[in-house]
Each structure stands twice: as structure tokens, then as C-alpha cells.
Amino acid sequence: LGFQDVRSSLGAVLLSPPINLDGRGLILTYQTGAQLVTSKTDRVDLLDGPLGGDDLVTLGRFQGSVRLGKGFNLWQGKPLPATQTEGLRYTPSPLVPFLNLNVGLLGVGSYYTSGDFQGVLAGDIRFDGQVGHLSDNFFDYTRFNLGYYRAFISGDSSPFLFDRDVDNSVLSFGIVQQIFGPILLGFQTSINLDNNDSIDTEIIGEYSRRTYGLVIRYSPTRATGSIGFRLSDFNWLGSGSPFDEPNIRQVDGGVVEQR
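Keep in mind that this is a model prediction, so the values were computed, not measured.

## Things to note about the overall build of the protein
For the protein, the count of helices and strands is 0 helices and 14 strands. Its helices and strands taken in sequence order, the protein reads β-β-β-β-β-β-β-β-β-β-β-β-β-β from the N to the C terminus. Scored against the burial criterion, the 259 residues of the protein give a buried share of 35%. Across the protein, every contact between residues at least 6 apart in sequence was considered, and the portion connecting residues at least 24 apart equals 54%. Entry remark: accessible area of the protein is about 14,800 Å², with carbon and sulfur atoms responsible for 59%. Looking at the protein, you have 20 positive and 27 negative side-chain charges, and the mean spots of the two groups are 8 Å apart.

Below, the structure is given as C-alpha cells:
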């Protein structure tokens, strides 16, 4: 479907806090929402005329989703001493090498005032890790991830185009590598394995120092970019997301990603 514009969305979304079901990292989250949405459709029966105009339709959308996930630490290394010449040479705190495995299950139900219902049941698995300490001058740090998403029950019956879960089998992977000193380069990409189409690709450049850092991101797929600046030693609790992120949102399993 590519990237779809939503003309307007008025409503409310209720997000749960993470609920630890077993005290050992089995996390349950849920989301419910009710919205009045105006967006594009390809359903002629919902339009006043034939396709080819603005193709906009306004409908109520009631949605509930539940996500169950668990993380496993497969390996963890040791940090370097917290000195200016070792663990703190290019980072505000010593880096700890690790390899984590995360698995999840997502269930979504969406009802529209057109009478349509869309259901999604999907699972995902993801490896995240980093090696090296970003202390030497060359190739001393690599951050990487590899993930797979699979929809067991596909959700393609929405009257809107923007929230159809048509990417049923998705492979995502990314890497950020130290090139020289504080300079790191990498990318993040997602591919639909059913048709081998690229869903999104992002090119990443970082300049990292102990007290400050600069991150530049550019997506040729979306034709968007961002510049992030980090100042260390502040009690900042924000996400650090680019300022334009509320206007460009990922839809995962028919659920618009909330921030």
C-alpha cells in the first residue's frame, strides 16, 4: 500500500502500562480506542461517486489490541573501566556487549461503522545486540538487529487503506558500525518477503562523544530526514524522537503506533 495520508482523526486512545504477568518479564500491554477518521478508501460503495477523485470517506473506528511479549538475555559481556581513555572515550557511560532475544504475539480487532470488521493475529521474533566498547579508533563497536514478523490471521478487510495489514511476512534488519573514532554509519530496513518489496529503509550516521552526540537519519523511501543532538549529564527522560514523528506513524498489525 505504500504510505497513506490520513486527512483527519478525532477520538481517544487508552494505552495500558506494561503489566508483568509472571514477575520474570512476560509483559502484557493493551490498547483501546474510538475515533472518527477521514481517509482514503478503494470501496466504491462507500463513495458518492466513482473512484478517481479524492476517494475520502469518514467512518467511526473502534479498536482493541493486546500484545504479549517476553525478552531473553542470551549473552552479556563486561564494560570497560569508566575512564576517559577506556569506557568513556566516546560514550557518556561504558558500553556493555549483549545479545537479546525478544518474542511477541499481537491480537487486534477493529470495527468500522460501515459494518466491516478486521482481525489480525500475528507473531514476531527479534534479536538485538551489540559488540565492542567504542573505545579503540577503528571498528570497535557494532550494533545490530534482526527481526521477523508473521501474520497468522491477515487483516485486509478495513474500508480504509492506511490500516490494512497487507505485509503478512516481514523481515527487518539493521546495523550501525564504528568506522573511525566517534564516527558511526549504518542503516535500518524492512522487506516484505511475499513480494520482496522494500517497506522502508533508513540511512543512519552518528557522531558520538562522551558529553554530546549527533545523529542524522534519512529515509529515501519516505523522503524524510532528521537531525538529533544529544547533551549528556542531564536528567532527560524524553524519547529523543525527531520532531516530525507525530506526522509520520508506523501502522503495525492495523494499529497506529502510539508515542
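## Quick look at the packing of aromatic side chains
Scanning the model with the defined rule gives 6 aromatic pairs in all. Taking 6.0 Å as the distance between ring centres and 65° as the angle between the ring planes, the aromatic pair formed by Tyr112 and Phe160 counts as edge-to-face. Highlighted residues: Tyr112 in strand β5 (residues 98-112) and Phe160 in the loop between β7 (141-153) and β8 (169-180), separated in sequence by 48 residues. Using a relative accessible area of 0% as the deciding quantity, one classes Tyr112 as buried. According to the relative accessible area criterion, Phe160 is buried, its value standing at 0%. Members of the aromatic cluster, each reached through a chain of ring pairs, are Tyr112, Phe160 and Phe162.

## Brief notes about the nonpolar core
Among the nonpolar cores identified, the biggest contains 8 residues, and these are Leu106, Val108, Val120, Ala122, Tyr149, Ala151, Val170 and Val255. What Ala122 contacts, discounting residues up to four positions off in sequence, is Gly104, Leu105, Leu106, Tyr149, Arg150, Ala151 and Phe152.

## Here's the deal with the pattern of salt bridges
Under the counting rule described, the total for this entry stands at 10 salt bridges. Close ionic contact of Lys70 with Asp22 constitutes a salt bridge, the shortest N to O distance being 3.8 Å. Taken as a pair, Lys70 in strand β4 (residues 56-76) and Asp22 in the loop between β2 (19-20) and β3 (26-40) lie far apart in primary sequence, 48 residues in all. Given a relative accessible area of 31%, Asp22 falls into the partly exposed group.

## Quick notes on the confidence of the model for the protein
On average, residues of the protein score 91 in pLDDT, and 92% of them are at 70 or above. Ranking the helices and strands of the protein by mean pLDDT puts β8 first, with 98, and strand β13 (residues 251-252) last, with 70.

## Digging into the environment of Ile19
Along the chain, Ile19 falls in strand β2. Those residues in contact with Ile19 that lie beyond four places of it in its chain are Leu26, Ile27, Leu28 and Tyr30.

## Details of a nonpolar patch on the surface
Together, Leu14, Ile19, Leu21, Tyr30, Val66, Leu68, Leu105, Leu121, Phe152 and Ile153 line one region of the surface with nonpolar side chains, adding up to about 860 Å² of accessible area. At the level of secondary structure, the elements contributing two or more residues to the nonpolar patch comprise β4 and β7. Positionally, Leu68 belongs in strand β4. Since its relative accessible area comes to 31%, Leu68 is described here as partly exposed.

## Here's the deal with the side chain of Thr38
Mapped onto the elements, Thr38 comes out in strand β3. You can call Thr38 buried: its relative accessible area is 14%. Setting aside residues up to four positions removed in sequence, Thr38 forms contacts with Val6, Arg7, Ser8, Leu56, Val57 and Thr58.

## A word on the pairing of β5
Here 15 bridges tie β4 to β5, and the two strands are oriented antiparallel to one another. Following the sheet pairing, Gln63 is matched in β5 by Ser110. Sheet topology places β5 next to strand β6 (residues 117-132); 14 bridges connect them, and they run antiparallel. Bridging across to β6, Phe98 finds its partner in Gln130. Connecting the antiparallel pair β5 and β6 is a turn made up of 4 residues, with Gly115 showing a positive phi of about 95°.

Cut-offs used in this document
- Along each chain, the written sequence defines residue order, and numbers are assigned to residues from 1.
- Local features in a predicted model are, by the rule used here, given only for residues with pLDDT of at least 70; side-chain atom pairs are given and counted only at 80 or more, and totals for whole chains, interfaces and linings are based on all residues.
- Values shown for side chains rest on all heavy atoms present in the structure; no hydrogens or waters enter the calculation.
- Only DSSP runs of H or I covering at least 4 residues are called helices, and only runs of E covering at least 2 are called strands; the numbering of each starts at the N terminus.
- The buried label goes to any residue with under 20% of its type's maximum accessible area, the exposed label to any with over 50%, and the partly exposed label to all in between, with areas taken from a 1.4 Å probe on protein chains only.
- In this analysis, two residues are considered to be in contact whenever any of their non-hydrogen atoms come within 4.5 Å of each other.
- Accessibility throughout is a Shrake-Rupley quantity obtained with a 1.4 Å probe, and a residue counts as covered only by protein chains that appear here.
- In summary, the charge assignment counts Lys and Arg as positive and Asp and Glu as negative, without counting His or the chain termini.
- By convention, charge coordinates are those of NZ in Lys, CZ in Arg, CG in Asp, or CD in Glu.
- We call Phe, Tyr and Trp rings a pair once their centres come within 6.5 Å, taking the six-membered ring for Trp, and we label the pair stacked below 30 degrees between planes, edge-to-face above 60, and tilted otherwise.
- Definition of nonpolar core: a set of buried residues of the types Ala, Val, Leu, Ile, Met, Phe, Trp, Tyr and Cys, connected through side-chain atoms within 4.5 Å.
- Criterion for a salt bridge: a side-chain nitrogen of Lys or Arg within 4 Å of a carboxyl oxygen of Asp or Glu.
- Residue-level confidence of the predictor, termed pLDDT, takes values from 0 up to 100.
- Patch membership requires over 30% relative accessible area and the absence of a salt bridge. Like charges are linked within 9 Å, and nonpolar side chains (Val, Leu, Ile, Met, Phe, Trp, Tyr) within 5 Å.
- For two strands to be treated as a pair, DSSP must find at least two bridges joining them.

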